[in-house]
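Architecture and fold: a report
As a plain string of letters, each chain reads:
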Amino acid sequence: MSAPDLIALLPLIVLTATAVAVMLVAAFRRRHALVAGLTLAGLLGTLAALFAAAGVAPRGVTPLLVVDGYTLFYSGLILAAAAVVTVLTYGYLDRQPGRREEMYVLLLAATLGAVVLVASRHFASFFLGMELLSVSLFAMIAYPLGRRRSLEASLKYLILAGVASALLLFGMALVYNQLGTLAFPALGALLASFRAADNLYLLAGIALVTVGIGFKISLVPFHLWTPDVYEGAPAPVTAYLATVSKGAMFALLLRYFLHTGAYGAPALMVMFAVLAIASMLAGNLLALLQNNVKRILAYSSIAHMGYLLVAFMAGGVLGVVAVSYYLAAYFVMTLGAFGVVSVLSGPGGEADTDHISDYQGLFWRRPWLAGVFTVMLLALAGVPLTMGFVGKFYALAAGVGAALWWPVIVLAVGSVIGLFYYLRIIVALFQAAPRQATTGTTRAQITPVPLGGGLALLALTAVLVWLGIFPAYLVDFIHATAAAVL
Amino acid sequence: MILLWLILVLLIGGLLAWLAGPRHPLWSRWVSLASLGVDLALALALWVEAPGGVDLSRGGPWVATLTWSWIPTFGINFHLAADGLSILMTMLTLVLGIASVLASWTEIRERVGFFHFNLLWSLAGTLGVFLAFDLFLFFFFWEVMLVPMYFLIALWGHERRIYAAIKFFLFTQGSGLFMLIAILGLVFAHHSATGTYTFDYFDLLGTRLAPHLAMWLMLGFFFAFAVKLPAVPFHTWLPDAHTEAPTAGSVILAGVLLKTGAYGLIRFVVPLFPEAAHRFAPVAMALGVVGILYGAMLAFAQRDLKRLVAYSSISHLGFVLLGVFAWNLLALQGAVMQMVAHGLTTGALFIMVGAIQERLHTRDMGRMGALWHAMPRMGAVGLFLAVASLGLPGLANFVGEFLTLLGSYRVSVPLTVTATVGLVAATVYALILVQKVFHGRPREHWEAADLGARAMAVMLTLIALVVWLGVYPQPVLNTAHPALSAALTPPARVALSTGAAP
């Protein structure tokens, strides 16, 4: 392994070293602030290492990993999201009883898995990264050991993720059986000469892999775990699950399809169209029935994955740009929305502050926080002046450009339905504050907001609005990185 | 640059009004008035500079333009421009904006700063709609004006405000998304024909489209504008939103937001898709006539005073739909005149209804009657507005309706004759309003103050405008003329003549 190889892998090395360092520090000195600070420093250091790696990109390192513009863009996104989650977690855990330091080790390990995922160009590294991410997440979801909901959520995630992994492995085996290779570029070359559409085993293999990924990014009908896990997991972990875990899988899905040229198989495209339409409709409709903010956001994330699939199906430059921009927007909005839930979730208790009635009248007590939440929800609904609007615009543009009329129309209809439940939360925020006989205020109105979390939320809002009004910066950057996978 | 300032002044004014609100409510009212006044002065300057038959050296009817690159990879520019039509709509927006700030002077007492913020931002979005000539930018402003209006209804509205606000938002946003799909379809069709991505209005004019594609795209645009106008099957959000909104919200909704739908029809639907619009014209004109009659009938059947005025809007805007799709100069002039006249009279009517509700705390006409004795000034104003609304010759609404009918008569005699029946129906509901509210036996004893000096000043100004435009409509007709005749010429030539402009 040469020096440029090592430089290309520097982000992964720094991240791994940070995880080990945090574990050792936690073993000797249990100080929450120290461990969280070290984690944050490690993540920021890894972000800095990306710039070093950019100097040698694009570069394949071992048959397993590739460090190109695409990898670096998504790594940056994941690391930034992990940093935000670290800040949120600090504020959240600081008022919970029990041991807190191990959470950061898990967080770093999961982030390592996510970065491996977006850098992988081989089924082996794909599986490795995914398992690293999933196994860390089992523990993160169940971290508040005293809560029954969290344990239940973790168990559910464990079992379903296990099933997904099994399907994935079986699919990989089928593909290997037919083509004799596990590397994406080699697969692409073979598939091009093979007429994949005629080979049932191969098609089944690719479909099974897709189903495995579908579980992870919770497409309908593989979404059943999503609302329960979102609700049961502690709010910062939910934010992490919704953004980093799903985003990394989606980035991998896109690279896998672009490298292997699986776009050529019409049967797969029909399958994706059905999955996308089902996700957009079911996600939005089921969200209407919920009264729990975390569950609403869970179903809304299912719908957002459907929107992303529309952009994904379009393929080509526009498709890649649309997916990348939308994912960036989705990261910011989702982190912001769950961030609000997480800074408002008080100490102890069986659940987070996540019932819609907890948020009633928040605007009149805490205008800033409610304002941030409103902006995030409007962005999720795709209202202009935010990244959400530009993202939706790009997704629609990609869909129309590829003449995917049905998915595009369902996207529009789904957005309208989606608007309804986002507005429901916003209406609650602006309603007159409830007068409860016992306490006089809801929990959301008295919990003190941790400083770091508040600052992170303001930063997210600023990014959301700035890149929503001036998207050209990000779009140009994405165009440059997209070239790597096309 | 002046076009950008028109929008920026309102945006900044809105922020200042919000900040000033907690210190003293009066401050935010004055800040709002000042920024609207400055804006109106700018718009008037633009109008005076380029009066009547605008003939600019650039060869098009454009008074001012501004182009900045925004998302270059997609050919999206920040492109503002104004012709006579845009300027007329801008001035209408600002006049009604000032009127609505004054009308809510005593009505809005809670969260005054945030109220004025929303009011001004909604107006800024509307100005953007009237001035944007990049389709992406147009859609952007189209959506931007909704959110503040949603808050105006949801926070300061009446009994069923949440329901009305959500309904309003869902209808307009949903229809807007179909317009976005149509915009994208047009852009990609243009891209496949020429190889360049552009969202610019002037580049997209004259794009060659397959007939069935043109029809679908046209319907996408039409749907959004028909919901906003509103044309009849898509009108159900309007009575709720108008009735539940606070006075200022109703004035802006009726006077300005509905006009964006009409403006869109004139500016986009017909020029971009002339053949498809021509084929669709009989359906659209029929919808217009149905709207005229249906709105008038339902207005007649209301007990709620505000709902009556809301339904009368549907009837009045039916004329606009009829006029636009008749697509000749007379009918278009009539439609524009009707837009301005309806904005002024219905805005004033909503202010009057708001004043009555503020005094009596009810909108139920069954409980009113003989209010003329208690409030003689209000009665006189109400009578005038009702008569203007029913289209008395010598007042602005008459000019609009008359020109529209004259123009549509050349296209379809049966539809025009049927539409004329709407004028009779308008007489009925307008006189019923006066009878039930101001005349007749008093059903309850009301002690209420008459209209104050501030309200009278607003009313008299609006009334003076209605009389002026009724007696001498030429300024409006002249201002709109170059824009409308440019829109009427075949699109290819329009594209050529403005293609030379930088």
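Remember, predicted model here, so these are calculated numbers, not experimental data. Along each chain, residues carry numbers from 1 onward, in the same order as the chain's sequence is written. Naming scheme: in the order in which they are written, chains are lettered from A and ligands are numbered from 1. The model is predicted, so local features are restricted to residues of pLDDT at least 70 and side-chain atom pairs to those at 80 or more, both for listing and for counting; the totals for chains, interfaces and linings are taken over all residues.

**Looking at the overall build of chain B**
- Secondary structure elements follow DSSP: runs of H or I of four or more residues count as helices, runs of E of two or more count as strands, with numbering from the N terminus. If you tally the helices and strands in chain B, you get 21 helices and 2 strands.
- With C-alpha atoms as the basis for the radius of gyration, the globule rule is written as 2.2 Å multiplied by the number of residues raised to the power 0.38. Taken over the C-alpha trace, chain B has a radius of gyration of 22 Å; the compact-globule value for 502 residues is 23 Å, and the two agree within 12%.
- The principal-axis extents of the C-alpha atoms in chain B amount to approximately 70 × 55 × 40 Å.
- In chain B, buried positions account for 63% of the 502 residues.
- Here contacts are defined at the residue level, using C-beta atoms placed from the backbone and a cut-off of 7 Å between them. Expressed as a percentage of contacts within chain B between residues at least 6 apart in sequence, the contacts between residues at least 24 apart total 81%. To sort residues by exposure, count the other C-beta atoms lying within 10 Å of each residue's C-beta; 20 or more gives buried, 12 or fewer gives exposed, and values between give partly exposed, all with C-beta atoms placed from the backbone.

**Notes on the overall build of chain A**
- Scanning chain A from N- to C-terminus turns up 21 helices and 2 strands.
- Its C-alpha atoms give chain A principal-axis dimensions of about 75 × 55 × 40 Å.
- In chain A, of all internal contacts separated by at least 6 residues, the share reaching a separation of at least 24 is 80%.

**Section: the domain arrangement of chain A**
Residues and elements named next belong to chain A.
- For the purposes of this description, domain bounds are those given by an automatic or database domain assignment. Taken domain by domain, chain A comprises domain 1 (1-263) and domain 2 (265-486).
- Inter-centroid distance (C-alpha atoms) of domain 1 to domain 2 is 21 Å.
- Listed as interface residues are 51 residues of domain 1 and, on the opposing side, 56 residues of domain 2.
- Counting residues per element, the ones that place at least two in the side of domain 1 that touches domain 2 are α4 (69-93), α9 (200-216), α10 (226-232) and α11 (235-260).
- Classes in brief: Ala, Val, Leu, Ile, Met, Phe, Trp, Tyr, Cys and Pro nonpolar; Asp, Glu, Lys and Arg charged; the others, Gly included, polar. When grouped by side-chain class, the residues that make up the side of domain 1 that touches domain 2 number 33 nonpolar, 10 polar and 8 charged.

**Comments concerning the interface of chain B and chain A**
- Contacts between the two partners involve 23 residues from chain B, matched on the other side by 22 residues from chain A.
- For the side of chain B that touches chain A, the secondary structure elements donating two or more residues are β1 (64-71), α5 (135-144), α6 (146-156) and α7 (161-194) of chain B.
- When residues of the side of chain B that touches chain A are assigned to their parent elements, the largest contribution, 13 residues, is made by α7 of chain B.
- A breakdown of the residues in the side of chain B that touches chain A according to their chemical character gives 18 nonpolar, 4 polar and 1 charged.

**A closer look at the confidence of the model for chain B**
Residue and element names in this part refer to chain B.
- Summing up the model confidence of chain B, the mean pLDDT is 87 and the portion of residues at 70 or higher is 95%.
- On a range of 0 to 100, pLDDT expresses the predictor's confidence in each residue. For residues 52-59, every residue scores under 50 in pLDDT, and the model assigns this stretch 16 contacts once sequence neighbours within four places are set aside.
- Contacts for the low-pLDDT stretch residues 491-502, under 50 throughout, to residues beyond four places or in other chains number 20 contacts.
- Interface confidence for the predicted complex, given as ipTM, is 0.87, next to a pTM of 0.90.

**Let's talk about the nonpolar core**
Residues and elements named next belong to chain A.
- Within the largest apolar cluster, 414 residues are counted, with the highest numbers of intra-cluster contacts made by A322 and Y326.
- Looking at which element gives the most residues to this core, the answer is helix α14 (residues 316-344), with 21 residues.
- If you count residues domain by domain, this core takes at least three from each of domain 1 (1-263) and domain 2 (265-486). The term nonpolar core refers to a group of buried residues, namely Ala, Val, Leu, Ile, Met, Phe, Trp, Tyr and Cys, whose C-beta atoms join them within 7 Å.

**Quick word on helix α12 (residues 266-287) of chain A**
- The end-to-end C-alpha separation of α12 of chain A is 31 Å, in line with the 32 Å expected for 22 residues at 1.5 Å each.
- Against the buried residues of α12 of chain A lie α9, α13 (293-314) and α18 (405-430) of chain A. Between the first and last residue of a helix there are one fewer steps than residues, each counted as 1.5 Å, and that sum is the expected span.

**Observations regarding the pairing of strand β2 (residues 76-82) of chain B**
All names here are of chain B.
- Burial analysis of β2 places 6 of its 7 residues in the buried class, the great majority of the element.
- By the convention used here, strands pair only if DSSP detects at least 2 bridges between them. In this structure, β1 lies alongside β2, joined through 7 bridges in antiparallel fashion. Within β2, the position partnered with I71 by the bridge is I76.
- Connecting β1 to the next strand, β2, in antiparallel fashion are 4 residues, including G75 with a positive phi near 70 degrees.

**Here's the deal with unusual backbone geometry**
- Along the chain, V220 of chain A connects to P221 of chain A via a cis peptide bond; the corresponding omega equals 10 degrees.
- Mapped onto the secondary structure, P221 of chain A falls in the loop between α9 and α10.
- With an omega of -5 degrees, the peptide bond between L229 of chain B and P230 of chain B qualifies as cis.
- Among the structural elements, P230 of chain B can be located in the loop between α9 (211-228) and α10 (237-244).

**Some remarks on the packing of helix α17 (residues 396-409) of chain B against helix α18 (residues 413-438) of chain B**
All names here are of chain B.
- What counts as an axis is a line fitted to C-alpha atoms, over the stretch in contact for a helix, and the angles between N-to-C directions run from 0 to 180 degrees. Running from N to C, α17 and α18 point in directions that differ by 160 degrees, and their axes come no closer than 8 Å. The pairing of α17 with α18 is recorded here as roughly antiparallel in orientation. α18 is crossed by α17, and the crossing has left-handed handedness. For the pair α17 and α18, contact is made by E401, L405, S408 and Y409 and by V413, L415, T416, A419, T420 and L423, respectively. Geometric relationships in this document are graded by angle, where less than 35 degrees denotes roughly parallel, more than 145 denotes roughly antiparallel, 65 to 115 denotes roughly perpendicular, and other angles denote oblique. By convention the crossing between two helices is left-handed if the near helix lies anticlockwise of the far one by an angle smaller than a right angle, and right-handed if it lies clockwise.

**Quick look at the packing of α17 of chain B against helix α19 (residues 453-471) of chain B**
Residues and elements named next belong to chain B.
- Look at α17 against α19: their axes get within 6 Å of each other, and the N-to-C directions meet at 40 degrees. Considered as vectors, α17 and α19 are oriented oblique to each other. Only V466, L469 and G470 of α19 make contact with α17, whose side of the interface consists of A396, F398 and V399.
- Class assignment of the residues belonging to the contact of α17 with α19 gives a composition of 5 nonpolar, 1 polar and no charged.

**Here's the deal with the confidence of the model for chain A**
- Residues with a pLDDT of 70 or more make up 95% of chain A, whose mean pLDDT is 89.
- At the level of individual helices and strands, chain A shows its lowest average pLDDT in helix α19 (residues 443-446) of chain A, which scores 64, and its highest in helix α5 (residues 102-119) of chain A, which scores 95.

**Considerations on α4 of chain A**
- Between its terminal C-alpha atoms α4 of chain A stretches 35 Å, which fits the 36 Å expected from 25 residues at 1.5 Å a residue.
- With 24 of 25 residues buried, α4 of chain A is to be regarded as a mostly interior element.

**So, the environment of M456 of chain B**
Residue and element names in this part refer to chain B.
- Examined against the element boundaries, M456 turns out to sit in helix α19.
- M456 sits in the partly exposed class, given 15 other C-beta atoms within 10 Å.
- Along the backbone, M456 and R377 are 79 residues apart, and their C-alpha atoms lie at a distance of 8.2 Å.
- Sequence-distant contacts of M456, defined by excluding residues within four places in its chain, comprise R377 and L451.

**What to know about the environment of V293 of chain A**
Residue and element names in this part refer to chain A.
- Here V293 is to be found in helix α13.
- Sequence spacing of V293 and I425 is 132 residues, and the spatial spacing of their C-alpha atoms is 7.8 Å.
- Residues in contact with V293, not counting those within four places in the same chain, are V341, D354, I356, Y359 and I425.

**Regarding the environment of V85 of chain A**
All names here are of chain A.
- Among the structural elements, V85 can be located in helix α4.
- A tally of 31 C-beta atoms within 10 Å means that V85 is categorised as buried.
- When the C-alpha positions of V85 and F363 are compared, they lie 24 Å apart, and in sequence the two are 278 residues distant.

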